[in-house]
Amino acid sequence: MGKTIRQLSEEFKLSKQAINQRINSINGFRSKHTYKVKNHLEIDNQGVKMLANFDKQERQPNRQAENDKDKNIDQILLKQLDVKDQQIANLQQALDQQQKLQIATVAENHRLKEHVQKLSGLFESSSATHQQQLNDKDDTLTNSSNTNHIKDKNDNQNENKVAEYGNRQKKTFKNNTNNSWWHFW
């Protein structure tokens, strides 16, 4: 013989609403374990055992659900960790490539600086040689023009001396002539 909801609530020390919630939470409980007697609902012995063990049954599925949920979370976290590990590996590879590129760029810059310094040294020595050649040419030209100038100067001096000698002779002649003329007076 079955028990009513009121009897079960007194026996389990639960409210009628709590008993109804348990009945409603178990799938197919009403159709399998309840029947109507007059105006009240009675639960068969197997249903009473199910309601008595409801806490244990509920905890086991809940534990199982929690375990499943924990396993799902663990799997999700492991997948996320794998993705993050892959991202870190990709970033590390990119960083390594950038460092290699930076080293190559610095080496290339150093090589180019040496090349520019070498070219600058060649340019400076070429420029110095060219300047020396110009100076030597100027010195040669200066010496040549000095020689010509000195020669011209000497020629001018000789001409002046000849002209001066000629002028002295004329003066002497005039003076002699004048002297002669004064003698008459």
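In this report, the structure presented in the accompanying data block is examined. Not measured: the values here are computed from a predicted model.

Cut-offs used in this document
Residues numbered from 1 in each chain as written. Predicted model: local features only at pLDDT ≥ 70, side-chain atom pairs only at ≥ 80, totals over all residues. Heavy atoms only, no water. Helix = DSSP H or I, 4+ residues; strand = E, 2+ residues; numbered from the N terminus. Buried < 20%, exposed > 50% of the residue type's maximum accessible area, 1.4 Å probe, protein only. Salt bridge = Lys/Arg side-chain N within 4 Å of Asp/Glu carboxyl O.

Structural notes on unusual backbone geometry
Across the chain, the bulk of peptide bonds are trans and the bulk of non-glycine residues have phi less than zero.
Reasoning step 1: Backbone geometry places lysine 13, a non-glycine residue, at a positive phi of 60°.
Reasoning step 2: By the secondary structure assignment, lysine 13 is in the loop between α1 (5-12) and α2 (16-25).
Reasoning step 3: The backbone of lysine 38 sits at a positive phi, close to 55°, despite the residue not being glycine.
Reasoning step 4: Following the sequence through the fold, lysine 38 ends up in the loop between β2 (34-37) and β3 (40-43).
Reasoning step 5: Accessibility expressed as a relative area gives 76% for lysine 38, which makes it exposed.

Some points on the pattern of salt bridges
Reasoning step 1: Summed over all chains, the structure comprises two salt bridges.
Reasoning step 2: Between glutamate 11 and lysine 3 there is a salt bridge, with the nearest N and O atoms lying 2.6 Å from each other.
Reasoning step 3: Looking at glutamate 11, the relative accessible area reads 43%, which means it is partly exposed.
Reasoning step 4: Classification of lysine 3 by relative accessible area gives partly exposed; the value is 28%.

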